[in-house]
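Breakdown of the fold
Okay, here's what each chain looks like letter by letter:
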Amino acid sequence: MRRRVSAPVAAEAAPLAATAQASFGYIDTLFDYGALLAGSPDSLGSLPPSSAGKTIAIIGAGIGGLVSVYELLRAGASNVVIYEASGRIGGRAHSATFTEAAPECLAELGAMRFPPSEYSLFHYLDRFGIKANSSFPDPGAVLTDLGYQGQAYTWPAHGNPPTMFATVHAGWNAFISDGYTPASGPALMAPVAITALLRANQLGAARAAWQTYIDVFGNQSFYSALRTIFSGSNPPGGTPWRFPDDFQLFGALGVGSGGLGPMYPVAFLEIVRLMVNELETDQLFIPAGIESLARAFSSQVFEGRSLGDRVEQIAVSRVSRTAEGVMLTLDDGSLRFADRVIVTASTRAMQLDMALSASPSALSAQQCSAIDDVHLTSSSKVFVMTKRKFWLDGNLPANIQTDTLVRGVYCLDYAPDDRDAPGVVLLSYAWEDDAIKQLALGSNQQRVQRLVADLAQTNPAFAAQVVPIDGDYETYVKIVDWDLQRGYYGAFKLNFADGDAQSQQLFFQFQDCREPQTDPFVYLAGDSCSFTGGWVEGALQTGINAVCAVIRSLGGKLSTAMNPIDAMSPPYRYGGTSAATEPSRAR
């Protein structure tokens with residue numbers, strides 16, 4: 001048994017209540033989607049009668065596809081069809097039930113925690129009356145165990161992390177609050193200060209600050225940037241990090257939602273934008289499950305038909321631009337014509353399943369390359385429904401983070417008023433290499449027992465309780481490996497270094513509708529085409545963009561001048577290339 005070390009316990013602080021704040025535009029777009037939606041209560045725009053009956057095809061019935069259909073119907077479209085390959089509605093908003101006997105107990109196989117700065121998301125949650133609360137058991141928000149190099153350390157709820165993590169914890173927090181001033185070169189503004197500029201609508205200053213980050217760190221991985229910042233003569237927090245020890249400690253501790261060691265190869269800017277956009281702040285829990293939003297969209301009725309009734313359960317295998325519109329080839333070989341198409345599937349599905357980036361393409365060469373090259377993160381989750389919420393007994397943690405195979409463990413309470421109700425344990429939430437390692441672990445029982453054995457190295461008393469009800473590993477265990485899911489081939493977008501130019505190509509592709517000579521009649525959406533992959537917000541923002549493109553392309557009118565076609569443009573230069581450079585359409 002590994003030795004357990006208790007760290008000094010800091011005084012517990014009461015959790016802060018979330019306060020309602022005005023929305024702001026995310027740093028990579030400088031466009032306020034919360035304000036757009038609040039200012040467009042009836043619809044994002046309107047189609048003229050001559051275009052209302054045009055055929056509009058949506059590929060993918062995830063949240064990006066559902067919001068696209070919903071807003072198009074509100075804008076007056078009457079002939080909208082959704083193609084979905086998976087046999088279910090919701091995409092990665094997937095709240096799986098274990099048993100009909102306890103439908104409230106869920107396995108959130110995709111998105112599972114939601115910061116209030118997801119303004120588009122909370123706009124629709126509020127519209128459909130879906131509630132969120134602050135009970136998500138993130139590390140440090142609840143009693144947490146940290147398993148590190150064979151020892152277990154206690155992190156008290158709302159307290160400081162164990163003493164051995166103090167240097168990296170203080171250093172990262174100092175970077176977030178104070179920024180970084182290198183020995184030579186420009187100073188990097190504190191992420192919280194950039195957020196304050198966004199909130200104050202000082203977009204020019206925010207843009208300049210983020211461009212400095214792009215210029216200095218745009219070609220660096222998370223790990224290499226940490227080495228640059230914390231190994232120099234002026235590290236945030238005042239104490240240089242020891243190599244490799246402190247960098248390993250920080251990889252285990254993470255930045256608030258779990259250890260990020262497996263994410264060290266991704267771009268540093270991907271992590272910093274999470275901080276600037278407050279996507280790691282006060283993450284909330286949806287007791288009804290995020291799939292309740294998909295169900296709410298699908299139940300909306302227009303002209304006597306619900307959105308769900310407009311879904312055809314068949315895959316699209318080819319998307320081809322024609323002079324008049326777009327021809328879709330379906331999996332059964334049949335052809336369907338559409339006047340306009342919104343593709344909301346993952347970029348890997350665009351490449352592998354639809355040949356959207358193959359020549360000839362409706363997209364530019366740069367956009368096709370971005371589809372092929374943007375990085376999707378590997379991820380796996382293993383949930384176990386237990387007979388009791390055992391972690392409420394004694395001094396057991398509600399969260400465990402390890403540097404071993406299980407990585408992240410979260411205890412979820414779907415019946416807080418009933419202490420004797422069943423519990424749900426997210427036994428393993430793993431990313432990248434740690435997720436790939438699990439792909440060949442065999443049956444549900446084999447995987448769970450292997451993970452439980454691994455967890456016992458950190459907390460054997462906890463591990464002994466992780467047994468499915470009645471020993472039934474088929475009913476009471478839910479597993480997803482997103483790399484193996486057809487139509488997804490990965491969990492969410494996180495760029496490697498120098499990858500933000502790809503995100504810019506994909507996110508702003510919808511604006512090609514502005515001119516008839518560049519209008520592709522095909523518009524990209526979905527979270528892997530956003531700057532915030534892994535968050536529902538990215539799917540919603542890009543879906544809204546694509547809806548605006550369809551309305552404009554079909555001669556309609558957008559509801560406000562402050563829309564993403566007329567009031568937003570690519571604000572940044574990557575690799576010395578002007579953000580305003582027009583892409584070549586040769587392919």
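Predicted, not measured: the structure shown is a model, and the values here were computed from it. As a convention, each chain's residues are numbered from 1 in the sequence order in which they are written. Local features are withheld for residues below a pLDDT of 70 in this predicted model, meaning they are given only at 70 or higher, and side-chain atom pairs are given and counted only at 80 or more; totals for whole chains, interfaces and linings count all residues. Hydrogens and waters are ignored; side-chain quantities use all the structure's heavy atoms.

As a further point, take the nonpolar core. One recurring pattern in soluble globular proteins: nonpolar side chains tend to sit buried together. Side-chain atoms within 4.5 Å are what join buried Ala, Val, Leu, Ile, Met, Phe, Trp, Tyr and Cys residues into a set we call a nonpolar core. Partly exposed describes any residue whose relative accessible area lies between the buried limit of under 20% and the exposed limit of over 50%, with all areas from a 1.4 Å probe on protein chains only and scaled to the type maximum. Among the nonpolar cores identified, the biggest contains 169 residues, and Tyr124, Trp172, Phe175, Trp210, Tyr213, Phe268 and Leu293 are the most heavily contacted of them. The element best represented in this core is helix α17 (residues 536-553), accounting for nine residues. In this structure, Val384, Leu405, Val425 and Val452 belong to the second largest nonpolar core, which totals 22 residues. For helices the rule is a DSSP run of H or I covering at least 4 residues; for strands it is a run of E covering at least 2, with both sets numbered from the N terminus onward.

Another point: a negative patch on the surface. There is a patch of like negative charges on the surface, built from Glu104, Asp417, Asp418 and Asp420. Mapped onto the elements, Asp420 comes out in the loop between β19 (408-412) and β20 (423-431). Using a relative accessible area of 62% as the deciding quantity, one classes Asp420 as exposed. Here, patches come from residues exposed beyond 30% relative accessible area and free of salt bridges, joined within 9 Å for like charges and within 5 Å for nonpolar side chains (Val, Leu, Ile, Met, Phe, Trp, Tyr). Surface accessibility follows the Shrake-Rupley procedure with a 1.4 Å probe radius. Residue values consider only the protein chains on display as shielding. Definition used for salt bridges: Asp or Glu carboxyl oxygen within 4 Å of a side-chain nitrogen of Lys or Arg. The sign given to each residue is positive for Lys and Arg and negative for Asp and Glu; His and the chain ends receive no count. The atom standing in for a charge is NZ when the residue is Lys, CZ when it is Arg, CG when it is Asp and CD when it is Glu.

What follows covers the domain arrangement of the protein chain. Where each domain starts and ends comes from a domain assignment, either automatic or drawn from a database. Domain boundaries assigned for the protein chain yield domain 1 (33-91 + 289-373 + 495-558), domain 2 (97-116 + 133-140 + 377-484) and domain 3 (163-277). With centres defined by C-alpha atoms, the gap from domain 1 to domain 2 works out at 34 Å. Any pair of residues with heavy atoms lying within 4.5 Å of one another is described as a contacting pair. The interface of domain 1 with domain 2 comprises six residues on the first partner and eight residues on the second. Of the roughly 500 Å² buried between domain 1 and domain 2, counting both surfaces, carbon and sulfur atoms make up 67%. When two parts are brought into contact, each loses some accessible area as probed by a 1.4 Å sphere; the total of that loss over both is the buried area.

Attention shifts here to the pairing of strand β12 (residues 316-321). DSSP-based pairing: two strands are paired if at least 2 bridges between them are found. Of the pairings in the sheet, the one linking β12 to strand β13 (residues 326-330) comprises five bridges and is antiparallel in character. Note that in β13 the partner of Val316 across the bridge is Leu330. Hairpin geometry of β12 and β13 is characterised by an intervening segment of four residues between the two adjacent antiparallel strands.

Our next topic: the packing of aromatic side chains. Centre distance and the angle of the planes are the two values used to describe a pair of aromatic rings. Pairing of aromatic rings covers Phe, Tyr and the six-membered ring of Trp, with a centre-to-centre limit of 6.5 Å; geometry is then stacked below 30 degrees between planes, edge-to-face above 60, and tilted otherwise. Taken as a whole, this structure holds 36 aromatic pairs when the rule is applied. Centre to centre, the rings of Tyr70 and Phe128 are 5.8 Å apart; their planes meet at 70°, and the pair counts as edge-to-face. Pair noted here: Tyr70 is in helix α2 (residues 63-74) and Phe128 is in the loop between α3 (119-127) and β7 (144-148), with a separation of 58 residues, a long-range link. Neither Tyr70 nor Phe128 differs from the other in exposure class; each is buried. Where Phe128 meets Phe297, the ring centres are 5.2 Å apart and the plane angle is 80°; that geometry is what we call edge-to-face. With Phe128 in the loop between α3 and β7 and Phe297 in helix α10 (residues 291-298), the pair connects residues that are 169 residues apart, well separated along the chain. Both residues of the pair, Phe128 and Phe297, belong to the buried class. Placement of a positive charge over a ring is assigned whenever Lys NZ or Arg CZ falls within 6 Å of the ring centre and within 35 degrees of the normal to the ring plane. The positively charged end of Arg321 is found above the aromatic ring belonging to Phe521, 3.7 Å away from the centroid.

It is worth spelling out the UniProt feature "domain: Amine oxidase" (unreviewed entry) in the protein chain at this point. UniProt positions are given in the numbering used here, feature names are shortened, and annotations may be inferred rather than shown by experiment. UniProt's feature table lists "domain: Amine oxidase" (unreviewed entry) at residues 63-551, given in the numbering used throughout. Between the C-alpha atoms that bound residues 63-551 there is a distance of 19 Å. The span itself is 31% helix and 17% strand.

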